[in-house]
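Structural characterization, general
Chain by chain, the residues:
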Amino acid sequence: EATVVDDARSDLGCDTEYLRAVTAEDSKGESVSGRPSLYLLSAHERSSSWKFVEDGWFQGVAAVCIVTNLITMVLEVEHPQLVETLFWLEQSLLVFYIFELVSRIKFF
């Protein structure tokens, strides 16, 4: 992806921070073309203080929360005595999910 964006920067004469590469995929998730398509970020996407929702680190935190929630659900089913112990962890995950939802709504 970085090479495609760098090539486009030299071809178009624009800054890479304003470009995003998107690979077209078919219904099976396989790449349709060898090179990703590029589109310019909108002014909103460039200037929004909520743009962190598209960053890899935020996506990683969300994935960790999902896996953690999955593990807590499994533990509660297998060990009902842990329900009270895991209560605050679940509430913390819920707060993150609400924050993520509001952040994505604000960004998009």
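Residues numbered from 1 in each chain as written. Predicted model: local features only at pLDDT ≥ 70, side-chain atom pairs only at ≥ 80, totals over all residues. Heavy atoms only, no water.

Moving on: the side chain of E100. Tracing the backbone shows E100 in helix α4 (residues 87–107). With near-sequence residues (within four places) excluded, E100 lies in contact with F58 and A62. (Helix = DSSP H or I, 4+ residues; strand = E, 2+ residues; numbered from the N terminus. Contact = heavy atoms within 4.5 Å.)

Here we come to the environment of L93. Looking at the element boundaries, L93 is found in helix α4. Sequence spacing of L93 and I66 is 27 residues, and the spatial spacing of their C-alpha atoms is 8.4 Å. When sequence neighbours within four positions are dropped, the list of residues in contact with L93 reads C65, T68 and N69.

With that settled, consider the packing of aromatic side chains. Tallying each qualifying case throughout the model produces 10 aromatic pairs. Their ring planes at 85 degrees and their centres at 5.7 Å tell us that W57 and F58 sit as a pair that is edge-to-face. For W57, a relative accessible area of 52% puts it in the exposed group. Judged by centre distance (5.7 Å) and plane angle (40 degrees), the ring pair of F58 and F96 falls under tilted. Residue F58 is found in helix α3 (residues 56–78), and its partner F96 is found in helix α4; the two are separated by 38 residues along the sequence. Grouping residues by exposure puts F58 and F96 together as buried. (Phe/Tyr/Trp six-rings, centres within 6.5 Å; stacked < 30°, edge-to-face > 60°. Buried < 20%, exposed > 50% of the residue type's maximum accessible area, 1.4 Å probe, protein only.)

The tally for this structure, following the rule as stated, stands at 1 salt bridge. Between E100 and R104 there is a salt bridge whose closest N-O contact spans 3.3 Å. With E100 and R104 both in helix α4 and 4 residues apart, this pair spans about one turn of that helix. The exposure class assigned to E100 is buried, which follows from its relative accessible area of 15%. (Salt bridge = Lys/Arg side-chain N within 4 Å of Asp/Glu carboxyl O.)

Further remarks concern the nonpolar core. Judged by nonpolar contacts, F52, V53, F58, A62, C65, L93, F96 and F107 together constitute the single largest core of 8 residues. Look past the residues within four positions of F58 in its chain and what remains in contact with it is F52, V53, F96, F99, E100 and R104. (Core = buried A, V, L, I, M, F, W, Y, C linked by side-chain atoms within 4.5 Å.)

Honestly, that's just the spatial picture; any functional story needs more than this.
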